[in-house]
Amino acid sequence: MADPPRRRDTAGLGADRASPPRMPRWVKLSLILAAVLVLVVVIAMLIAGGRHGPSRHAPGIQLPPSSVTANVAPSGGGLGGLAPSGVSHR
Amino acid sequence: MTVPPGLRKFALTVHLTCSLGWIGAVVAYLALGVSAVTSQDTQTVRAAWIAMELTGWFVIVPLAVAALLTGLVMSLITPWGLFRHYWVLIALMLTVFATAILLLHMPTVSSLAEVARQADDAALQRLGGDLVHPGLGLVVLLAITVLNVYKPRGLTRYGWRKQQEQRRRTPATTGGTVQP
């Protein structure tokens, strides 16, 4: 970022024109790509039932609850919350 | 804002160190995540999750915040500005996005690390790892790096307006650089 912009960097896209420059094609393509990626992530989350977080994406891994610490709280009986039913639900 | 070249170089050094350090730390985190997913050894899984939590909070988060802040500083002390060029703007948005996701994600990592500390062997085997977030984060960080290296052309409307104002103020200036 320290290299200052050269004249060529800006003049080619409308810096010398009377009207504002149009959005470059690479920006439009990037925005489209970003929109598609966001859509894919949203659809993936919807398919997964809205679940999200570590271990939910790894194949073959049982999904822990979103508030995992609740299962290991003293009131939960120490490691009792980590019983199979506590880890594999949802 | 005009600063001495030496100070600008120093700021750039700090910014590059933080940004590339962030990438390196995410790669290390990813390695731990893969280990947590693939290892059959419960001690390795437990150690991986504890290391992921420590790496996340004490390396990745500080580097991310530092990279964001030093990037803002760089935009202020160089002619690039913050909103004048699309590549700077997009790099800023991606950095803010990655930092926000990181900060939102780390409490969950802490929760799972706490589980890993106390879990028995059977529970540890089901704990799994953390691959998607660091994987996508790495892609975003590499995209930011590419933007910073290639600096693709493109003035925003704001940048164009500022440039027009500057040219009206200093019409005789024909130097190779464009000062804001």
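Look a little higher up for the structure.
Residues numbered from 1 in each chain as written. Chains lettered and ligands numbered in written order. Predicted model: local features only at pLDDT ≥ 70, side-chain atom pairs only at ≥ 80, totals over all residues. Heavy atoms only, no water.

This paragraph deals with helix H6 (residues 157–169) of chain B. Residue and element names in this part refer to chain B. With 13 residues, H6 should cover 18 Å at 1.5 Å per step; its first-to-last C-alpha distance of 18 Å lies within 8% of that length. Taken together, the buried positions of H6 are Gly159, Trp160, Gln163, Gln164 and Gln166. The buried residues of H6 all sit within an arc of 165° when viewed along its axis, so they share a single face. Turned more than 90 degrees off the buried face of H6, the exposed positions are Arg157, Arg168 and Arg169. (Helix = DSSP H or I, 4+ residues; strand = E, 2+ residues; numbered from the N terminus. Expected span 1.5 Å × (residues − 1). Buried < 20%, exposed > 50% of the residue type's maximum accessible area, 1.4 Å probe, protein only. Arc of directions from axis to C-beta.)

A few words now on the environment of B:Val132. Residue position: B:Val132 is located in helix H5 (residues 132–150). Note: C-alpha distance between B:Val132 and B:Gly33 (99 residues apart in sequence) is 9.5 Å.

Looking now at unusual backbone geometry. All names here are of chain B. At lysine 151, a residue that is not glycine, the phi angle is positive and equals roughly 45°. Within the secondary structure, lysine 151 is located in the loop between H5 and H6. Overall, the relative accessible area of 16% leaves lysine 151 in the buried class.

On to helix H2 (residues 42–77) of chain B, then. For an α-helix, the turn length of 3.6 residues means that residues three or four places apart are oriented alike. If you check H2(B), its first and last C-alpha atoms are 50 Å apart, about what 36 residues at 1.5 Å a residue would give, namely 52 Å. B:Gly56 marks where H2(B) bends most, by close to 40°. (Bend = angle between axes of the 7 residues up to and from the residue.)

Our focus in this paragraph is the pattern of salt bridges. All names here are of chain B. Per the stated rule, a full pass over the model turns up 3 salt bridges over all chains. Here glutamate 53 ties to arginine 117 by a salt bridge, and the two come within 2.8 Å at their closest N and O atoms. On the criterion of sequence distance, the pair formed by glutamate 53 in helix H2 and arginine 117 in helix H3 (residues 86–118) is long-range, its members being 64 residues apart. Residue class for glutamate 53 comes out buried when judged on its relative accessible area of 13%. Take arginine 117: its relative accessible area is 34%, and that puts it in the partly exposed class. With a closest N to O distance of 4.0 Å, glutamate 165 and lysine 162 form a salt bridge. Linking glutamate 165 with lysine 162, this pair stays in helix H6, spanning 3 residues, or about one helical turn. Each of Glu53, Glu114 and Arg117 takes part in one network of salt bridges that share partners. (Salt bridge = Lys/Arg side-chain N within 4 Å of Asp/Glu carboxyl O.)

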